[in-house]
Amino acid sequence: MKKKYIAMLSAAAIAVGTLFIPPVQAAAVSALSVFRVADTKTITISLTDIQSLAANAKQQSAQATKQTAQSDPLSGSLGSVIQSNVKPLASAKNFTAFRINLPTSGAQGTPKLYAAASQTRTFTLDTTALNAALAKAGASAVSDAYNGTKISVVTPAAAIAEYSDLTLLETQGVYVNAPAKELNALWSSLTSATVIPSDLRAQLAAIDPSTRDVYLPVIEGLGRAADLGVTTGYLYSAKDLAQVASSIPNLADAAALSKLQGDNTSVLIWTKDGILYALAGKKSDSALVQAARSIR
């Protein structure tokens, strides 16, 4: 299959699920990447915000980073989980998580189908380690009464339809299984972190962590809204993603950035009827919108 398109779609999934989560290096960050699909809302973030977050994350010691990476079983993003778990699908009928919807126009040929199974990851909250990381981020501590709380994160199943000129990813949302009191306390602490730019912190603090809304990140100066009729989608080009990636130290090497900058692939992201969609291809904005509007 076309790994480049899958990588683009994974990047889009990462953007949706994790771009606006502050880089507090603790398991709770991954646990709170919640975007159970219901309605679509936006959160605005600038490249300056991203650079500020990245710079603060870089200031943490290499040892602390290493320890976190080793102890955090949820360090993989939604995009990386999907990409590493893709297997051929014989028929759309064999996919049971939800009904696969495909474009009726704007895509060439019969698609090859792939699926990624749902996965569950569970960890035990270590408030000592978490509070140490939160303190470095200028965030309030969580109560030691929550130490030992078990939190499970269920990554949704995903379906991928690969056409000769387009690749479509369909998935639902990450489900976090945690007591409401602990979840609210974690979110309140994370969104108090002073390493987060104040405008972004205010937007995050206004979000209910148990919401079923999707918050798509709208990066100022990059991307554009697309009218899909019953909903609004957001278009990002490979060059947009390259600009974001280049602002984050060590996120991508020079060769990968050069490839993205020279690529004319675009990704359209939207939600409809409880499904999160990402459509990628070397097509104009209008052609991607036409294909998206035709999905049934």
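It should be emphasised that the depicted structure is a prediction, and the values quoted were computed from it without experimental measurement. (Residues numbered from 1 in each chain as written. Predicted model: local features only at pLDDT ≥ 70, side-chain atom pairs only at ≥ 80, totals over all residues. Heavy atoms only, no water.)

Time to look at the nonpolar core. Counting 46 residues, the largest nonpolar core has Val-176, Ile-196, Leu-200, Leu-204 and Ile-219 as its most contacted members. Ile-100, Ala-226, Trp-270 and Ala-291 belong to the second-largest nonpolar core, a separate cluster that totals 25 residues. (Core = buried A, V, L, I, M, F, W, Y, C linked by side-chain atoms within 4.5 Å. Buried < 20%, exposed > 50% of the residue type's maximum accessible area, 1.4 Å probe, protein only.)

On to the pattern of salt bridges. Within this structure, the stated rule accounts for three salt bridges. Taking the shortest distance from any N to any O, the salt bridge between Asp-227 and Arg-293 comes out at 3.9 Å. In this pair, Asp-227 is assigned in strand S10 (residues 224-227) and Arg-293 in helix H11 (residues 285-293), connecting sequence segments 66 residues apart. A relative accessible area of 53% means that Asp-227 is categorised as exposed. (Salt bridge = Lys/Arg side-chain N within 4 Å of Asp/Glu carboxyl O. Helix = DSSP H or I, 4+ residues; strand = E, 2+ residues; numbered from the N terminus.)

Once that is clear, we can look at the sheet that holds strand S11 (residues 232-237). Strand order in the open sheet made by the eight strands is S2-S3-S6-S7-S13-S12-S11-S10, with antiparallel pairing throughout. Edge strands, defined here as strands with exactly one partner in the open sheet, are strand S2 (86-88) and S10. When the angles between neighbouring strand axes are averaged without regard to direction, this sheet yields 25°. Across five bridges, strand S7 (residues 167-171) lies against strand S13 (residues 275-281) in antiparallel orientation. Along S13, the bridge assignment pairs Leu-168 with Leu-279. Lying over the sheet, helix H9 (residues 238-246) contacts S10 and S11, oriented at roughly 70° with respect to S11. (Pairing = 2+ DSSP bridges. Axes fitted to C-alpha atoms, helices over the stretch in contact; angles between N-to-C directions. Contact = heavy atoms within 4.5 Å.)

Moving on to the environment of Ala-107. Considering the arrangement of structural elements, one finds Ala-107 in the loop between S2 and strand S3 (112-116). It is 9.2 Å that separates the C-alpha atoms of Ala-107 and Leu-288, two residues lying 181 residues apart in sequence. Each residue touching Ala-107, except ones within four places of it in the same chain, is listed here: Tyr-163, Asp-165 and Leu-166.

Moving on to the sheet that holds strand S4 (residues 119-124). Each strand in a sheet pairs with another by means of backbone hydrogen bonds, the pair being arranged parallel or else antiparallel. A sheet is described by the order of its strands in space; here three strands give the open sequence S4-S5-S8, paired in antiparallel fashion. This sheet does not close on itself; its edge strands, each paired only once, are S4 and strand S8 (175-177). Within the sheet, the average angular offset between the axes of one strand and its neighbour, ignoring direction, is 20°.

Looking along a regular strand, one sees the side chains alternate between the two faces of the sheet. Burial runs high along strand S12 (residues 266-272): six of the seven residues are buried. Two strands pair when backbone bridges link them, and S12 and S13 are joined in this way by seven bridges, in the antiparallel orientation. In the sheet register, Leu-268 faces S13, and the bridge partner there is Leu-279. Counting the residues between successive antiparallel strands, the hairpin from S12 to S13 contains two residues, one of them, Asp-273, with a positive phi of roughly 50°.

Secondary-structure assignment places Ser-46 in the loop between strand S1 (40-45) and helix H3 (47-58). Exposure remark for Ser-46: the relative accessible area of 12% places this residue in the buried category. Each C-alpha atom, one on Ser-46 and one on Pro-217, is 9.7 Å from the other, the two residues being 171 residues apart in sequence. There is a polar contact of 3.0 Å between the side chain of Ser-46 and the backbone nitrogen of Asp-49. (Polar contact = N/O pair within 3.5 Å; in protein donor to acceptor, adjacent residues only side chain to side chain.)

Okay, the pairing of S10 next. As paired elements, S10 and S11 share four bridges and run antiparallel to each other. When the bridges of S11 are listed, Ala-225 appears paired with Tyr-234.

Our next topic: the packing of aromatic side chains. This model, assessed by the stated rule, comprises two aromatic pairs. A ring pair is formed by Phe-95 and Phe-98, whose centres lie 5.0 Å apart and whose planes are at 80°; its orientation type is edge-to-face. Per residue, the accessibility class of Phe-95 equals that of Phe-98, and both read buried. Taken together, a centroid distance of 4.9 Å and an interplanar angle of 10° make the contact between Trp-270 and Tyr-277 stacked. For Trp-270, a relative accessible area of 2% gives the class buried. Judged by its relative accessible area of 4%, Tyr-277 is buried. (Phe/Tyr/Trp six-rings, centres within 6.5 Å; stacked < 30°, edge-to-face > 60°.)

Remember, this is a structural readout, not a statement about activity or role.
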